[in-house]
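Take a look at the letters that make up each chain.
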Amino acid sequence: MINQKKCPACGKWTDGSKQRCVFCNSLIDPQLIAEEDSRKRAEKSRQERLASESKFEKYLRKLKESDKPGYTLLFKILNTLFNIYMAVLSFFIWLIALISG
Ligand SMILES: [Zn+2]
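Bear in mind the structure is a predicted one, so any value in this text is a computation, not a measurement. (Residues numbered from 1 in each chain as written. Predicted model: local features only at pLDDT ≥ 70, side-chain atom pairs only at ≥ 80, totals over all residues. Heavy atoms only, no water.)

A. Region of the structure containing the domain arrangement of the protein chain. Looking at the assigned domains, one finds that the protein chain contains domain 1 (1–65) and domain 2 (67–101). Each of domain 1 and domain 2 was reduced to a C-alpha centroid, and the two centroids are 28 Å apart. Each side of the interface is counted separately: domain 1 has 6 residues, and domain 2 has 7 residues. Across the domain 1/domain 2 interface, buried area totals approximately 650 Å², and carbon plus sulfur atoms make up 83% of it. Broken down residue by residue, the surface that domain 1 buries against domain 2 is led by Phe56, Leu60 and Leu63, which jointly contribute 70%. At the surface where domain 1 touches domain 2, the tally comes to 0 salt bridges. At the surface where domain 1 touches domain 2, the tally comes to 0 residue pairs in polar contact (both at pLDDT 80 or more). Tallied by class, residues from the side of domain 1 that touches domain 2 come to 4 nonpolar, no polar and 2 charged. (Domains from an automatic or database assignment. Contact = heavy atoms within 4.5 Å. Buried area = accessible area lost by both parts, 1.4 Å probe. Salt bridge = Lys/Arg side-chain N within 4 Å of Asp/Glu carboxyl O. Polar contact = N/O pair within 3.5 Å; in protein donor to acceptor, adjacent residues only side chain to side chain. Nonpolar A, V, L, I, M, F, W, Y, C, P; charged D, E, K, R; others polar.)

B. Spatial organisation of the pattern of salt bridges. One pass over the structure, following the stated rule, counts 5 salt bridges. In this structure, Glu36 and Arg20 form a salt bridge, with 3.8 Å as the shortest nitrogen-oxygen distance. Within this pair, whereas Glu36 is found in helix H1 (residues 30–65), its partner Arg20 is found in the loop between strand E2 (13–15) and H1, the two being separated by 16 residues in sequence. Put simply, Arg20, Glu36 and Lys40 are held in one network by salt bridges that share partners. (Helix = DSSP H or I, 4+ residues; strand = E, 2+ residues; numbered from the N terminus.)

Below, the structure is given as structure tokens:
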């Protein structure tokens, strides 16, 4: 009997020696699925981080480029606040991940 695996995406039995389902082309190896999943997640979070960073950095640059007195101080305060905000945010993300198991 040939090695058959049940496709997690479409539920059909497919050739287990292949990496992908012959019906829907989804990955059928759980390890490969997990790998692809984590890769996608890492890429997504990286892009989200880049997007939020560039937005914030644009704002910071505006402040930095301004030569009005007091703006350097404001920039430093904002920078510190942002760091605290990110720390709190990542703490809550960690907490939610912990609760949901
Ligand atoms: Zn399938």
